[in-house]
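# Observations on the model geometry
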Amino acid sequence: MKIFCLFLALAVLMMAQTQVAYPRSPMKASSTAELIIYLQPHLDPEIAAIHAKYIDKYAYKWNVDRLKVISIAHQESKFRADAQSSVGCIGAMQVNPKVHQDKLKRRGITWRDLYFLRNNYDIGSEILHDCLKSSRTFDEALNKYSGGSKKYTREVKKIYGML
């Protein structure tokens, strides 16, 4: 019995050390919502799940890597649906309604509708798709998405690399 208790105590001790030494890697995350929470730990999990639903849906629709969409949304707005830039870009993906009027018009929506996550991720993913399609590299696509900021490109790629 003493040997069994000693063995059990040793096993518990080894498990505890393993958990401390090897924190959960974000690559092990099985869902988009988990990756969002990894990047924004204080975000309400229910809100993360709503973002994840639309990221997954529109990344699939526009055939873009969901990790790229997550990286852009994190860099652009920290997943804030109400984000607005000084130049008028709106929502989680910071869509510029003046530049992308054609996409809004085709969907029958106005700039106000970009505050809705489904519209923002749909148009943002389409923009990313177009940028990737007309570029040779991810860097080039990010430069197009952001309007040419090299710092932006570095930051998004850093986030992407963490996922």
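It should be noted that the structure appears before, not after, this text.
Below: a short report on this structure. This one's a predicted model, so the numbers in the text were calculated from it and none came from an experiment. (Residues numbered from 1 in each chain as written. Predicted model: local features only at pLDDT ≥ 70, side-chain atom pairs only at ≥ 80, totals over all residues. Heavy atoms only, no water.)

## Re the layout of surface pockets
Quantified by volume, the largest pocket comes out at close to 290 Å³. Along the walls of the largest pocket sit 16 residues, with Cys89, Gln94, Asn96, Tyr145 and Ser146 positioned nearest its centre. Where the lining of the largest pocket is concerned, the elements lending two or more residues are α6 (117–133) and α7 (138–146). The element contributing the most residues to the lining of the largest pocket is α7, with 3 residues. Split by residue class, the lining of the largest pocket holds 8 nonpolar, 6 polar and 2 charged. (1 Å grid on protein atoms, 1.4 Å probe; cavity = no way out; pocket = protein on both sides within 12 Å on 5 of 7 lines; lining within 4 Å. Points joined across faces, edges and corners; volume = space filled by probe spheres on them. Helix = DSSP H or I, 4+ residues; strand = E, 2+ residues; numbered from the N terminus. Nonpolar A, V, L, I, M, F, W, Y, C, P; charged D, E, K, R; others polar.)

## Points about the packing of helix α4 (residues 66–77) against helix α8 (residues 150–162)
Between α4 and α8, the least distance of the axes is 9 Å, while the angle of their chain directions is 125°. In terms of orientation, α4 and α8 fall into the oblique class. The chirality of how α4 crosses α8 is right-handed. Residues Leu67, Lys68, Ser71, Ile72, His74, Gln75 and Glu76 of α4 form the contact with α8, whose own contacting residues are Tyr152, Glu155, Val156, Ile159 and Tyr160. For the contact of α4 with α8, the residue count by class is 6 nonpolar, 3 polar and 3 charged. (Axes fitted to C-alpha atoms, helices over the stretch in contact; angles between N-to-C directions. Parallel < 35°, antiparallel > 145°, perpendicular 65-115°, else oblique. Left-handed = near helix turned anticlockwise from the far one by under 90°. Contact = heavy atoms within 4.5 Å.)

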